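A look at the structure
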Amino acid sequence: MAQQVSQRKQQELQQQYEQYKTNLQQTASKIGDVETEAEEHRLVLETLEPLPGDRKCFRMINGVLVERMVKDVVPALKTNSEGLKKVLEELMKSYRTKNVEMETWKKKNNIQVVSQ
């Protein structure tokens, strides 16, 4: 009977560990996606800023390519880029918090990872 309880406890701990690990991986994946998008915004801004404001350019909005003027697109790109930076900061903070939480949980439950 005691062996069943400890085995059940061990399974619960393993499930919790997997859940922590999955959450961290999902957050890391989101961070990567946002970093990529922020880099794309930066590259487009670097390309458009030296151009005259009345030059036409094309922008993808909800999967539709629309014609705009550089002077209209650059402010929107800057706003989006700043928003992405804020989201990235929040995701990084969340990742660090989850990582600390997982490490605390591991110490509390005396978890030793054999292979990662």
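Our structure is the block above this text.
Note that the coordinates shown come from a computational prediction; the quantities given were computed from them, not determined experimentally.

A few words now on the nonpolar core. One finds L45, L48, C57, V70, V73, V74 and L77 forming the largest nonpolar core, which totals seven residues. The set of elements that each furnish at least two residues to this core consists of α1 (2-48) and α2 (70-108). Among the elements that make up this core, the one with the highest residue count is α2 (four residues). Once residues within four sequence positions are removed from consideration, L48 is found in contact with C57, V70, V73, V74 and L77. I31, V34, L88 and L91 belong to the second-largest nonpolar core, a separate cluster that totals six residues.

Structurally, K56 is set in strand β1 (residues 56-61). For the pair K56 and K71, spaced 15 residues apart in sequence, the C-alpha separation works out to 8.9 Å. For K56, the residues in contact, after removing those within four places along its chain, are E67, R68 and M69.

Tallied over the entire structure, the rule returns six salt bridges. Note that R42 is salt-bridged to E46, the shortest N-O span being 2.2 Å. A residue pair is termed a helical-turn pair when its members lie 3 or 4 positions apart in one helix, as R42 and E46 do in helix α1 at four residues. Among the residues examined, R42 registers a relative accessible area of 36% and is labelled partly exposed.

Of note, S81 is situated in helix α2. Here S81 falls in the buried class, since its relative accessible area comes to 9%. Non-local contacts of S81, meaning those with residues more than four positions away in its chain, are made with H41 and L45.

Basis of the calculations
Throughout this description, residue numbers start from 1 for each chain and increase along the sequence as written. Under the rules for a predicted model, residues below a pLDDT of 70 receive no local features and side-chain atom pairs below 80 are neither given nor counted, while totals for whole chains, interfaces and linings still include all residues. Side-chain metrics rest on all non-hydrogen atoms present in the structure, leaving aside hydrogens and water. Nonpolar cores are built from buried Ala, Val, Leu, Ile, Met, Phe, Trp, Tyr and Cys residues. Side-chain atoms within 4.5 Å join them into one set. Burial classes: relative accessible area under 20% of the type maximum marks a residue as buried, over 50% as exposed, and values in between as partly exposed (1.4 Å probe, protein chains only). A run of DSSP states H or I qualifies as a helix once it reaches four residues; a run of E qualifies as a strand once it reaches two. Both are numbered from the N-terminal end. Residue contacts are defined here by distance: any two heavy atoms, one from each residue, within 4.5 Å place the two residues in contact. We count a salt bridge whenever a side-chain nitrogen from Lys or Arg sits within 4 Å of a carboxyl oxygen from Asp or Glu.

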